[in-house]
Amino acid sequence: MPRDAIHAYREDHEQPVNILTDALQSIEINPVELCNRKCDFCPRGHDYKNSALFMHDKTAHAIGQKLQNIKYTKGISFCGFGEPLMHHSIIELAKIVKSYLPSLSRYDIITNGDFLSVGKIHDLLSAGIQCIIVNLYDDEDQKYYFKQMFEQANTDKYLLRHHYYGPEENYGLTINNRAGSVAVIDWDGGIILCPQDWERRGIQGLNINEHTINEIWFSKQFAKFRAKLSKADRSLTPCNECDIAGNIHGLNSFKVFVDNEGS
C-alpha cells in the first residue's frame, strides 16, 4: 500500500457537503488511554503517561444514539491517543455504536496490530468494522506478517500503513488536523478540539453524554476556533503552539462553514 493510502481511503468515503450539518464528515473515538508502545514521534514516547481509563458501554450508547438522532451516515474511527485493542471490551463498543448506525459509509479501527490475531479480525468484522487499519512501526517484515494474517482470515478489509521509516522520512507520517470536518470523542465522552490536542486544552465542558451533536458541533467554542482558523489565524490555545498542516482533509467542510459564516 502507498504511504498515503489512508488519505485516499478517507477521501473515497467522504460524502457531499452542501449544508452546515453535512460538514461533520468523521467521528474519531478514543476508547482507551493505554498503549503498549512508546514511539519517538508520539507524545507517549515523551512522558505522556499511560492511564487505565476505558470508555464505558454507556458512552458508546450515547455516541450511537446522538448520531442516530441526526441521521449520521458518514465515517467513524476507533483510534485516538491509545491502542484501541487494549480496551477489554472493544468488540462490544464497536457492536453498540454500529447497532444505532447501520448505514455508515465508513467504520474502521486503527491499531498497531500487536494484539491482532485471525480470531480478533473475525470478531472486529462481525462487530461491524468495515476496515482494519494497521500501523506498521517495526520493519518491512511486518507487511508480510499481517498480509498473511489477513489472508488466513479470508478478508481484504484492511490497510497497512508503513510507519517504520526513520525521522529523515518523517516516519512515513502525514500528520494533519481535521478539526473542520471531524469530532473527536474521548474515553469519558468529553469532546476534544482536534486529533492533536493531547492535553485537552481547546474545548472545555462539552460531553457526548450530556449534549447533542448539534450543541457540540455548533457550539460557541467550536465557532470561535473556526472563525480564527478559517483566516489562517492560530492565535488561540493550543493552535498557537501547533505547526501541523490543516489543509489536507476537510476542504468541502471548510467551504461550507466560510459560506455560512455569521449566519
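Here the structure is a predicted model, which means the values were calculated and not measured. (Residues numbered from 1 in each chain as written. Predicted model: local features only at pLDDT ≥ 70, side-chain atom pairs only at ≥ 80, totals over all residues. Heavy atoms only, no water.)

Enquirer: I would appreciate a short explanation of the side chain of Ser 77 in the present structure.
Expert: Mapped onto the elements, Ser 77 comes out in strand β2 (residues 75-78). In terms of polar contacts, Ser 77 uses its side chain to reach the side chain of Arg 106, at 2.8 Å. (Helix = DSSP H or I, 4+ residues; strand = E, 2+ residues; numbered from the N terminus. Polar contact = N/O pair within 3.5 Å; in protein donor to acceptor, adjacent residues only side chain to side chain.)

Enquirer: Any chance you could explain the side chain of Arg 44 here in plain terms?
Expert: Within the fold, Arg 44 resides in the loop between β1 (26-29) and α2 (57-69). Those residues in contact with Arg 44 that sit more than four places away from it in its chain are Glu 33, Leu 34, Cys 35, Arg 37, Lys 38, Lys 49, Asn 50, Phe 81, Gly 82 and Trp 198. (Contact = heavy atoms within 4.5 Å.)

Enquirer: For this particular structure, what's the right way to read the pairing of strand β3 (residues 106-111)?
Expert: Within a regular beta strand, the side chains point alternately toward one face of the sheet and then the other, so they alternate between its two faces. Judged by how many residues are buried, β3 sits mostly within the fold: 6 of 6 residues are covered. The two faces of β3 match: Arg 106, Asp 108 and Ile 110 on one face and Tyr 107, Ile 109 and Thr 111 on the other face are all buried. The pairing of β2 with β3 spans 4 bridges and is classified as parallel. Considered in β3, the bridge of Ser 77 is made with Asp 108. (Buried < 20%, exposed > 50% of the residue type's maximum accessible area, 1.4 Å probe, protein only. Pairing = 2+ DSSP bridges.)

Enquirer: How do you make sense of the packing of aromatic side chains when you look at a structure like this?
Expert: The way to describe two aromatic rings as a pair is by their centre distance and the angle between their planes. Under the criterion given, the structure shown has 7 aromatic pairs. Judged by centre distance (5.7 Å) and plane angle (45°), the ring pair of Phe 41 and Tyr 137 falls under tilted. Here Phe 41, found in the loop between β1 and α2, pairs with Tyr 137, found in the loop between β4 (131-136) and α5 (141-152); they are 96 residues apart in sequence, far enough to count as distant. A centroid spacing of 5.9 Å and a plane angle of 65° characterise the contact between Phe 78 and Tyr 107, whose relative ring orientation is edge-to-face. With Phe 78 in strand β2 and Tyr 107 in strand β3, this pair connects stretches of sequence that are 29 residues apart. With respect to class, Phe 78 is no different from Tyr 107; both count as buried. Every member of this aromatic cluster is reached through a ring pair, and the members are Tyr 48, Phe 81 and Trp 198. Note that Arg 226 overlies the ring of Trp 217, its terminal NZ or CZ placed 4.3 Å from the centroid. (Phe/Tyr/Trp six-rings, centres within 6.5 Å; stacked < 30°, edge-to-face > 60°. Lys NZ or Arg CZ within 6 Å of the ring centre and 35° of its normal.)

Enquirer: Would you mind showing me how to read the environment of Asp 197 here?
Expert: Mapped onto the elements of the fold, Asp 197 is located in the loop between β7 (191-192) and α6 (213-217). Residue classification places Asp 197 among the buried positions, given a relative accessible area of 3%. Expressed as a C-alpha distance, the spacing of Asp 197 and Phe 81, which sit 116 residues apart in the sequence, is 9.8 Å. Not counting residues up to four positions away in its chain, the partners in contact with Asp 197 are Phe 81, Ile 192, Gly 202, Ile 203 and Pro 238. Within the local environment of Asp 197, its side chain forms a polar contact with the backbone nitrogen of Gly 202, the two atoms lying 2.8 Å apart.

Enquirer: Sorry, what's going on with unusual backbone geometry here?
Expert: Excluding glycine, a negative phi dihedral is what most residues carry, and trans is how most peptide bonds are arranged. In the segment running from Thr 237 into Pro 238, the intervening peptide bond is cis, with an omega of 10°. Structurally, Pro 238 is set in the loop between α7 (220-229) and α8 (251-259). A positive phi angle, close to 55°, is found at Lys 71, a residue other than glycine. As for its position among the elements, Lys 71 is in the loop between α2 and β2. Its relative accessible area of 71% is what places Lys 71 among the exposed residues.

Enquirer: Teacher, can you tell me more about α7 here?
Expert: Side chains that are three or four residues apart share a direction in an α-helix, a result of its 3.6 residues per turn. Listed as buried for α7 are Phe 222, Phe 225 and Arg 226. Down the axis of α7, the buried set is contained in an arc of 100°. They therefore lie on one face. (Arc of directions from axis to C-beta.)

Enquirer: How should I be thinking about the pattern of salt bridges in this particular structure?
Expert: Close approach of charged atoms allows side chains of opposite charge to pair. The final tally for this structure, using the stated rule, is 10 salt bridges. For the salt bridge of Arg 201 with Glu 241, the shortest nitrogen-to-oxygen distance reads 3.0 Å. Pair noted here: Arg 201 is in the loop between β7 and α6 and Glu 241 is in the loop between α7 and α8, with a separation of 40 residues, a long-range link. Counted as one network, the salt bridges with shared partners bring together Glu 33, Arg 44, Asp 186 and Arg 200. (Salt bridge = Lys/Arg side-chain N within 4 Å of Asp/Glu carboxyl O.)

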